[in-house]
Amino acid sequence: VAMAVLHQFSPGFFWGLLAFLALCTLVIGALLRQLVRLNVAGTALSRELNTAFIESLNSLRSIRALAGERVVGDSYADQIGRYTRQLLRAEALKAAIRSFPAVLLLLCAAWLTRPGATLGGTEAGLFAVTVIVIRVFSSLGQMIAAGMLLLTDLRAFHDIGAIIDLPADETPSPIPSAHHV
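Only a predicted model underlies this, so the values are computations on that prediction, with no experimental measurement involved.

## Some thoughts on the overall build of the protein
Thought 1: Across its full length, the protein holds five helices and zero strands.
Thought 2: N-terminal to C-terminal, the α/β element order of the protein is α-α-α-α-α.
Thought 3: Each of the 181 residues in the protein was classed as buried or not, and the buried ones make up 18%.
Thought 4: A separation of at least 24 residues holds for 73% of the contacts in the protein among residues at least 6 apart in sequence.
Thought 5: A total of about 13,300 Å² of accessible surface is found on the protein, and carbon and sulfur atoms cover 68% of it.

## With respect to the nonpolar core
Thought 1: If you look at the biggest cluster of nonpolar residues, it comprises 11 residues: Leu6, Phe14, Leu17, Phe20, Leu21, Cys24, Leu104, Val129, Ile132, Val133 and Val136.
Thought 2: For this core, the elements supplying multiple residues, two or more each, are helix 2 (11-58) and helix 5 (123-163).
Thought 3: At five residues, helix 2 tops the list of elements feeding residues into this core.
Thought 4: Leave out the neighbours within four places in its chain, and Leu21 touches Met3, Phe137 and Leu140.
Thought 5: Counting seven residues, the second-largest nonpolar core is a separate cluster that includes Ile28, Leu38, Leu93 and Ile97.

## A short note on the pattern of salt bridges
Thought 1: Following the criterion strictly, the structure yields three salt bridges and no others.
Thought 2: Taking the shortest distance from any N to any O, the salt bridge between Arg82 and Asp78 comes out at 3.9 Å. In this pair, Arg82 and Asp78 are both assigned in helix 4 (residues 69-112), four residues apart and thus about one turn of the helix distant.
Thought 3: Look at Arg82 and you get partly exposed, because its relative accessible area is 31%.
Thought 4: For Glu91, the salt bridge identified is with Lys94, shortest N-O distance 3.3 Å. A residue pair is termed a helical-turn pair when its members lie 3 or 4 positions apart in one helix, as Glu91 and Lys94 do in helix 4 at three residues.
Thought 5: In this structure Glu91 comes out as partly exposed when scored by relative accessible area, which is 44%.
Thought 6: Shared partners join several salt bridges into a network, and the residues in it are Glu48, Asp78 and Arg82.

## Remarks on the side chain of Asn39
Thought 1: One can find Asn39 in helix 2.
Thought 2: Overall, the relative accessible area of 19% leaves Asn39 in the buried class.

## Some words on the environment of Glu48
Thought 1: With respect to the helices, strands and loops of the structure, Glu48 is situated in helix 2.
Thought 2: Judged by relative accessible area, which is 34%, Glu48 ranks as partly exposed.
Thought 3: Linking Glu48 and Tyr83, residues 35 residues apart in sequence, is a C-alpha distance of 9.6 Å.
Thought 4: Here Glu48 is in contact with Gln79 and Arg82, once residues within four sequence places are set aside.

## A few points about the packing of helix 1 (residues 2-9) against helix 2
Thought 1: Packing of helix 1 against helix 2 leaves a shortest axis separation of 5 Å and a crossing angle of 135 degrees. Relative to helix 2, the element helix 1 is oriented oblique. Only Pro11, Phe13, Phe14, Trp15, Leu17, Leu18 and Leu21 of helix 2 make contact with helix 1, whose side of the interface consists of Met3, Leu6, His7 and Phe9.

## Things to note about the confidence of the model for the protein
Thought 1: Residues with a pLDDT of 70 or more make up 84% of the protein, whose mean pLDDT is 78.
Thought 2: Note that pLDDT drops below 50 for residues 173-181; the model gives that stretch one contact with residues more than four away or on any other chain.

## Re the packing of aromatic side chains
Thought 1: The final tally for this structure, using the stated rule, is two aromatic pairs.
Thought 2: Judged by centre distance (5.0 Å) and plane angle (75 degrees), the rings of Phe14 and Trp15 are edge-to-face.
Thought 3: Exposure remark for Phe14: the relative accessible area of 12% places this residue in the buried category.
Thought 4: A relative accessible area of 53% places Trp15 in the exposed class.

Rules used in this analysis
- Residues numbered from 1 in each chain as written.
- Predicted model: local features only at pLDDT ≥ 70, side-chain atom pairs only at ≥ 80, totals over all residues.
- Heavy atoms only, no water.
- Helix = DSSP H or I, 4+ residues; strand = E, 2+ residues; numbered from the N terminus.
- Buried < 20%, exposed > 50% of the residue type's maximum accessible area, 1.4 Å probe, protein only.
- Contact = heavy atoms within 4.5 Å.
- Areas by Shrake-Rupley, 256 points an atom, 1.4 Å probe, with all protein chains shown as cover.
- Core = buried A, V, L, I, M, F, W, Y, C linked by side-chain atoms within 4.5 Å.
- Salt bridge = Lys/Arg side-chain N within 4 Å of Asp/Glu carboxyl O.
- Axes fitted to C-alpha atoms, helices over the stretch in contact; angles between N-to-C directions.
- Parallel < 35°, antiparallel > 145°, perpendicular 65-115°, else oblique.
- pLDDT = per-residue confidence, 0-100.
- Phe/Tyr/Trp six-rings, centres within 6.5 Å; stacked < 30°, edge-to-face > 60°.

If you want it as structure tokens, here you go:
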């Protein structure tokens, strides 16, 4: 509804907002794909790290007998360093995803209000357009929050499926089938 009202107030702002949203969708989509890849790699690194730790504990007597504490410790420190860098990359990417639309919006606003630029229309019209755009962004913010929650839930489902050896494309049915009854 807000987009239709915006089109009535200012078709130029409407098309500009659509272009802005399309660009944000493309960039955030690409960043989310990269974030998913980083999360998968982070999960693999975490499993590798935990396996190395448990194996080292299980082989503690052998490691001490061979005076390999330094080698095992250095290897574990290297693995922790890689895992920490992976987590840092993921957090930086999450921050970029959250802040990209705001930064792009500020750049667009700076370009529109540069010296010598004319926006056309009245101050009341500009105020109305601003209020409508704020309403659109608040709705989009709620949609993005819900989408991120959905992605978190899907990842949790994938992790649980991996734990119980359930194929990722097979979803459990809440209704038992006839041959299970």
